[in-house]
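Survey of secondary and tertiary structure
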Amino acid sequence: MAGAAVLLITLVASAAASRDTPPRKIAVVGAGIGGSAAAHFLQQLFGPRVQIDVYEKGTVGGRLATITVNKQQYESGGASFNSFSLHMQDFVKLLGLKQRREVAGKSAIFGGEQLILEETDWYLLNLFRVWWHYGISFLRLQMWVEEVMEKFMRIYKYQAHGYAFSGVEELLYSVGEYTFINMTQRSVAECLLEVGVTQRFIDEVITALLRASYGQSATMAAFAGAMSLAGIQGNLWAVEGGNKLVCSGLLKLTKANVIHARVTSVALHNTEGRALYQVWYEKEDKMHSDFYDIVVIATPLYVGSNSNITFDGFQPPFEEFVGSFQSTVTSLVHGYLNSSYFGFPDPKLFPFASILSTDAPNLFFCALDNICPVNISATFRRKQPQEAAIWRVLSPQPLERPQLKSLFRSYYSVQTAQWQAYPQYGSRMATPLFALHDQLFYLNALEWVASSVEISAVAAKNVALLAYNRWYQDLDKIDQKDLIHKIKTEL
Ligand SMILES: Cc1cc2nc3c(=O)[nH]c(=O)nc-3n(C[C@H](O)[C@H](O)[C@H](O)COP(=O)(O)OP(=O)(O)OC[C@H]3O[C@@H](n4cnc5c(N)ncnc54)[C@H](O)[C@@H]3O)c2cc1C
C-alpha cells in the first residue's frame, strides 16, 4: 500500500487551482466492456461537456465477441454472467436491451474415460447424487462462495457513495480485509480443504468448474476461483442479441469518439503544475498524437501482451506488470457429436447439453457445450444430440484433426477464435495499482486477481471515481478504511 500513499502525496503536492473546472479531454485505451463502461461512468461523473476519445485497435467489444455460423451469431468470448453482476444488469436496463431467454440443458463431468457425475431432470435426485458421492462438500462450497460474495458485494455500496481505491490491495482489503488478500496468495484447493471440502470433490467437481471458466485447476488462486464459482449460486444469463451490444451501446450513449487505432505510447508533459498526457497512436500506418487531461488504460498490461504500450517521461510501477495470460481457443463446430466417446453409443440417448472435464492427462478440452445463438425466438428449441448442432469446445490449444474426429462423428464447419483469455492465476499474485500516475489509470489492474465481465465493470467504476475524486481533490473519498462503518454513519 506504500506505493499508493506516495502517489497520493505527489498528487496533493501537484494540485493546481484550476481543478475546479472539469477536464477538457479524456482518453480511454480499449473498447472492451472495461473501456466502454469507463467512458460511461466518466461521463456520468464529469458531465456531458468533457470529450471522451476511446481508442480501439481491434473490434469494439474486445473479449466479448461473436462468430457467425449458418447466418446466426454465437458467443465466442465472454458468454454468460452470474446473478451477482449488478453493473451488467444496470447496463442492460439502461440501454433497453434484454436478458436472453434461458434454454434448459443438463450437464455432466467427464473424467477422461467415463462420465463421473451426471445431472438428471430431478432436482432432489441431483442433490442426492452429489451427497452420495461427496458428502456435504457441496454445501460447504456453497457456504464458502456465499460468504465471499456477500463481502465482495460491499463494493457496490462503496461505489454508490463515491468511494474509490488507488490499488487492488486497498480495494480488496476494504471489502474483505486480510481474508481477501490472503485468498490472492493461497490456492482454491487449500482454502476449500480448510473449510471441510473433500479432496475428491476438489479433484472431480471444482477442477471441472474451474477448467470450464478459467482453463485452470484448483491450484489457482482462491480469490479468482471463488469469483468464478459464484456461478453455482443461481442462474446464468446473457444479453439477447449478443453480449458485445453492451459495449457498443454504452459508447453510443456516451457519444464517445471511437478512434480505430493502436495506441503505442503515453508521454507525460507538465503544464501549469499539472500533468498532461500525450497519447501516440498508429492509424493507417501513420503516427498521430493528441493531448489529454486524464488517460485510462483499459486493456491488460504484461510483458509480451499484444497491447504493447510504452510510457515516456515517467516511470509507472513496471514491476507490477509481470504475469502471463492463459491462452484459450474457442472452436465452434457445426456437426454431429460422437456420443460414443462419452459412453453413449446411441446418440438419441445422450441427454447432455454441456460436458465439463477433469484434468485427466489425456483430456485435450476443458468444456464442450451445445450452444444457442445470441438471438432466441419464442419457438427456439435446443438441437437434439442426434441432430447437427453448434458445439462450442474450449481448449488450451487449437484442436487437431484426430481430436475433432474423436469428439464428432462428422462436421460441416469449424471456426475458431484464439484468445489470450485471462491471467494465469498462480497462487502468488501481485496486486497492481489502478493509479499509475497523477491522472493515468490502469483499469485491468483488478483482472490480476479475478477476471470476468463484471469485474471489468467494477474496475471501470473504480477508475472513473478515482479520476473524479483526484481531479477535484476529494481525497476523503480515496482509500478510506472502515468504510462499512463510515457508510452506516453517513446514512
Ligand atoms: C473464451 C472466453 C470465455 C470467457 N467467458 C466468460 C464468461 O462466461 N463470463 C465472464 O464474465 N467473462 C468471461 N470471459 C472473460 C471476459 O470476456 C473478460 O474478462 C472481459 O471481456 C474483459 O473485458 P476488458 O474490457 O477488460 O478487456 P478486453 O475485452 O480485452 O478489451 C481490451 C480492448 O483493448 C484493445 N486494445 C488493446 N491494446 C490496445 C492498444 N494498444 N490500442 C488500442 N486498443 C487496444 C483490445 O483490442 C480490446 O478490444 C471469457 C473470456 C474468454 C476469452
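Treat the numbers as computed from the prediction; the structure is a model and nothing was measured.

1. Some thoughts on the site of the ligand
- Around the ligand sit 37 residues, and of these Gly-30, Gly-32, Gly-34, Gly-62 and Gly-78 come closest.
- Looking at the shell around the ligand, the elements that each hand over two or more residues are α2 (33-46), β2 (51-56), β8 (262-271), β13 (325-337), β17 (408-423) and α13 (453-471).
- The class makeup of the residues in the shell around the ligand is 14 nonpolar, 18 polar and five charged.
- Residue contributions to the shell around the ligand reach at least three from each of two domains, namely domain 1 (1-57 + 153-186 + 261-324 + 433-491) and domain 2 (71-81 + 100-140 + 187-234 + 325-423).

2. Side note on the pairing of strand β14 (residues 352-357)
- With five of six residues buried, β14 is to be regarded as a mostly interior element.
- Note: strand β5 (residues 106-110) against β14, five bridges, orientation parallel. Of the residues in β14, the one forming a bridge with Ala-108 is Ile-355.
- Sheet analysis places β14 next to strand β15 (residues 367-370), joined by three bridges and oriented antiparallel. Counterpart to Ser-354 in the pairing with β15 is Asp-369.

3. With respect to the domain arrangement of the protein chain
- Domains assigned within the protein chain are domain 1 (1-57 + 153-186 + 261-324 + 433-491) and domain 2 (71-81 + 100-140 + 187-234 + 325-423).
- Measuring from the centre of the C-alpha atoms in domain 1 to the corresponding centre in domain 2 gives 35 Å.
- The interface of domain 1 with domain 2 comprises 18 residues on the first partner and 15 residues on the second.
- A per-element tally of the side of domain 1 that touches domain 2 places α13 first, with three residues.
- Its residues placed into classes, the side of domain 1 that touches domain 2 shows nine nonpolar, six polar and three charged.

4. Observations concerning helix α5 (residues 137-152)
- Compared with an ideal rise of 1.5 Å per residue, which puts 16 residues at 22 Å, α5 spans 22 Å between its outermost C-alpha atoms and is within 8% of the ideal.
- Buried residues in α5 make contact with α4 (123-134), α6 (154-160), α7 (168-183), α8 (188-194), α9 (199-214) and α10 (222-229).

5. Regarding the confidence of the model for the protein chain
- Confidence in the prediction of the protein chain, expressed as mean pLDDT, is 91, and 94% of residues score 70 or more.
- Confidence over residues 1-17 falls short of pLDDT 50; this stretch has 28 contacts with residues more than four positions distant or in other chains.

Calculation notes
- Residues numbered from 1 in each chain as written.
- Predicted model: local features only at pLDDT ≥ 70, side-chain atom pairs only at ≥ 80, totals over all residues.
- Near = placed C-beta within 6 Å.
- Helix = DSSP H or I, 4+ residues; strand = E, 2+ residues; numbered from the N terminus.
- Nonpolar A, V, L, I, M, F, W, Y, C, P; charged D, E, K, R; others polar.
- Domains from an automatic or database assignment.
- Buried ≥ 20, exposed ≤ 12 C-beta atoms within 10 Å, placed from the backbone.
- Pairing = 2+ DSSP bridges.
- Contact = placed C-beta atoms within 7 Å.
- Expected span 1.5 Å × (residues − 1).
- pLDDT = per-residue confidence, 0-100.

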